[in-house]
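Chain by chain, the residues:
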Amino acid sequence: VQLVESGGGLVQAGGSLRLSCKASGSTFSINVMAWYRQAPGKQRELVAGITRGGSTKYTETVKGRFSISRDNAKNTIDLQMNSLKPEDTAVYYCNAGSHALLGFSGRYWGKGTLVTVSS
């Protein structure tokens, strides 16, 4: 399975960005897809995840601001990010796996896309 992210960039605080991730290859086994992020000097953390059935999970700091969606037919997930804050600055990674539980990372990772929020 290959994951390719797009949509990162530079935005001012309070602005919005939409990230997209497309999966290709043997996608039939994929259940959970998610976005993780890693800021400089920090550990990679889960931002939001979604199952094939549409269940979602968000980290507390993005609830109410970010929204994850999925198109199973196209093997894509999107992350709509609103009210962005400088602390959202990070490399955002797409993740996917065949596991059942949200909150755990799968075996497949994209290369990442940089999101920079200026104050």
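Below: a short report on this structure. (Residues numbered from 1 in each chain as written. Predicted model: local features only at pLDDT ≥ 70, side-chain atom pairs only at ≥ 80, totals over all residues. Heavy atoms only, no water.)

**Quick word on the pattern of salt bridges**
And then number 1: Scanning the model with the defined rule gives five salt bridges in all.
And then number 2: The partner of R37 in a salt bridge is E45, and the shortest N-O contact between them spans 2.7 Å.
And then number 3: Residue R37 is classed as buried on the basis of its relative accessible area, which comes to 6%.
And then number 4: Among the residues examined, E45 registers a relative accessible area of 31% and is labelled partly exposed.
And then number 5: E60 serves as the salt-bridge partner of K63, at 3.1 Å between the closest nitrogen and oxygen.
And then number 6: Look at the salt bridges and you will find they share partners, linking R37, E45, R65 and D88 into a network. (Salt bridge = Lys/Arg side-chain N within 4 Å of Asp/Glu carboxyl O. Buried < 20%, exposed > 50% of the residue type's maximum accessible area, 1.4 Å probe, protein only.)

**Points about unusual backbone geometry**
And then number 1: We note that N75 has phi near 55°; this positive angle belongs to a residue other than glycine.
And then number 2: Using a relative accessible area of 21% as the deciding quantity, one classes N75 as partly exposed.
And then number 3: Even without a glycine there, the phi angle at S83 is positive, about 50°.
And then number 4: Mapped onto the fold, S83 is located in the loop between β8 (76-81) and β9 (90-97). (Helix = DSSP H or I, 4+ residues; strand = E, 2+ residues; numbered from the N terminus.)

**Focus on the nonpolar core**
And then number 1: Counting 27 residues, the largest nonpolar core has M33, W35, L79, M81 and Y92 as its most contacted members.
And then number 2: When contributions to this core are tallied by element, the ones reaching two or more residues are β3 (17-24), β4 (32-38), β5 (45-50), β7 (66-71), β8, β9 and β11 (113-118). (Core = buried A, V, L, I, M, F, W, Y, C linked by side-chain atoms within 4.5 Å.)

**A short note on the packing of aromatic side chains**
And then number 1: Inspection of the entire model under this criterion finds two aromatic pairs.
And then number 2: Aromatic side chains Y36 and W109 sit 5.1 Å apart centroid to centroid with 65° between the ring planes, which places their arrangement in the edge-to-face category. Residue Y36 is located in strand β4, and its partner W109 is located in strand β10 (residues 108-109); the two are separated by 73 residues in the primary sequence.
And then number 3: Judged by relative accessible area, W109 falls into the partly exposed class, the value being 32%.
And then number 4: Clustering of aromatic rings is evident, with ring pairs tying together Y36, Y93 and W109. (Phe/Tyr/Trp six-rings, centres within 6.5 Å; stacked < 30°, edge-to-face > 60°.)

On their own, these measurements won't tell you what the molecule is for.
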